[in-house]
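Coordinates in review
Single-letter residue listing:
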Amino acid sequence: MGEVDEAFIQAVEHRPKLTITEAEGIPLINLSISIETLVEEIGDACKNWGFFQVINHGVPFETREKLELASRKFFAQATEEKLKVRRDEVNPLGYYDTELTKNVRDWKEVFDLAVKNPTVIPISPEAGGNELRELVNRWPEYPSELRVAYEEYAKEMEKLAYKLLELIALSLGLPANRLSGFFNNHTSFFRLNHYPSCPIPNLALGVGRHKDPGALTILAQDDVGGLQVKRKMDGEWVQVRPTPHAYIVNVGDIIQVWSNDRYESVEHRVMVNSEKERFSMPFFLNPDHNMMVEPIEELITEQNPAKYRAYNLGKFFANRRRSNFKKLGVENIQISHFKITEE
């Protein structure tokens, strides 16, 4: 990434300001407090921010640290070594360094892994295509400890994700296990991110503005920072200051649909740094591929009718994946395409 390609340059209206507004008020939630208080705090955070941080989450620091160290070793290799496990349109798991967000190239390199190995997804985004594909994780020769470190960490992430899912269900007035049945054969995946230092931090982004299409995202980031959230009350981009050992959690599009817009998936992006590289590790919790995503029946009333038509999750993701690899010239599919317009 030494030479600056024009593909990295953001449109003028989306370029980051180098004067940073720190996010004040993003909730920091202690998961060891009473369940009643927890449910209330998480409900408020999902409604007012769409983002929150959690501490006392039960994930051992050593487990996280092992994977962080292995990630740094992997990305420190020569490009030709990393390309040996390069992902492609047939198997979107593995290494990649030319990903696009909103048709602009991100200043980053990634290594993607499925949580269930193998993971089954549809091949075609078309309604009639029923052929499925098995995705299998690719493992690099170096570092040899990456696989074990990842598999240990993924188990901890699943436990935390299901705990958060139960709390979100309770905050919506639903039984704790109401949402967990959608994840029996879940299609969750995990990403190792490396954002190299960037000579043009005023023109490029590590990840362009986007909303996460899954249910929940749980992010571990290093102490460099760079994650920015679009604040709901005024549309200002604000930076999430790293809290040691905490996880940043954000509501994805699926929870927005399930909650019938009670909770909102919030736009976010990643700034780059001219002096420091940055590492992060997001876990994306996604339901079964054959699930129809629609507002939860118990949350629909005559006064609050369904705001979305049902859509097939696997087809939705198959459509989204195409825009990761090639510039389509149009915005990729969004949940807004399934919004029911009022008569």
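Here the residue numbering is sequential within each chain, running from 1 through the sequence in written order. Per-residue local features of the predicted model are confined to residues with pLDDT of at least 70, and side-chain atom pairs are confined, for both listing and counting, to 80 or more; whole-chain, interface and lining totals are unaffected and use all residues. Computation of side-chain values: all heavy atoms of the structure, hydrogens and water removed.

As recorded in an unreviewed UniProt entry, the chain goes by Fe2OG dioxygenase domain-containing protein and comes from Rhododendron griersonianum. The UniProt entry for the chain carries this comment under Sequence similarities (unreviewed entry): "Belongs to the iron/ascorbate-dependent oxidoreductase family." UniProt positions are given in the numbering used here, feature names are shortened, and annotations may be inferred rather than shown by experiment.

This paragraph deals with the UniProt feature "domain: Fe2OG dioxygenase" (unreviewed entry) in the chain. Per the UniProt record, the feature "domain: Fe2OG dioxygenase" (unreviewed entry) sits at residues 185–287. Strands here mean DSSP runs of E at least two residues long; helices mean DSSP runs of H or I at least four residues long; both are numbered from the N terminus. Here residues 185–287 is 6% helix and 39% strand, with 7 Å between the C-alpha atoms at its ends.

Once that is clear, we can look at the pairing of strand β2 (residues 51–55). One face of the sheet, then the other: side chains in a regular strand alternate in exactly this way. Burial classes follow relative accessibility: with a 1.4 Å probe on protein chains only, a residue under 20% of its type's maximum area counts as buried, one over 50% as exposed, and anything between as partly exposed. Most of β2 sits out of view: 4 of its 5 residues are buried. If DSSP finds at least two bridges between two strands, the strands pair. Pairing of strand β1 (residues 28–30) with β2 involves 3 bridges; the strand directions are parallel. Residue pairing in the sheet places N30 in a bridge with I55 of β2. Note that β2 and strand β14 (residues 247–251) share 4 bridges and pair antiparallel. Bridge assignment links V54 to a residue of β14, and that residue is Y247.

On the secondary structure map, A45 appears in helix α1 (residues 35–48). In this structure A45 comes out as buried when scored by relative accessible area, which is 1%. The spatial distance from the C-alpha of A45 to the C-alpha of P27 is 6.2 Å, given a sequence separation of 18 residues. In this structure A45 touches P27, I29, G50, F51 and F52, once residues within four positions along its chain are discounted. Throughout, a contact is declared for two residues whenever any of their heavy atoms are within 4.5 Å.

To continue, consider empty space enclosed by the protein. In this approach a probe as big as a water molecule rolls over the atoms, and the regions it shows empty are the leftover space. Any residue with an atom within 4 Å of a point lines the site, the site being either a cavity, points on a 1 Å grid over the protein atoms alone where a 1.4 Å probe fits but cannot get out, or a pocket, an open set with protein on both sides within 12 Å along at least 5 of 7 lines. Grid points are joined across faces, edges and corners, and a volume is the space filled by probe spheres set on the points. Inspection of the entire model under this criterion finds 1 cavity of 30 Å³ or more. Of the volumes computed, that of the largest cavity is approximately 40 Å³. Looking at the largest cavity, the residues that line it are Y195, P196, V224, G225, M271, V272, N273, K276, E277 and R278.

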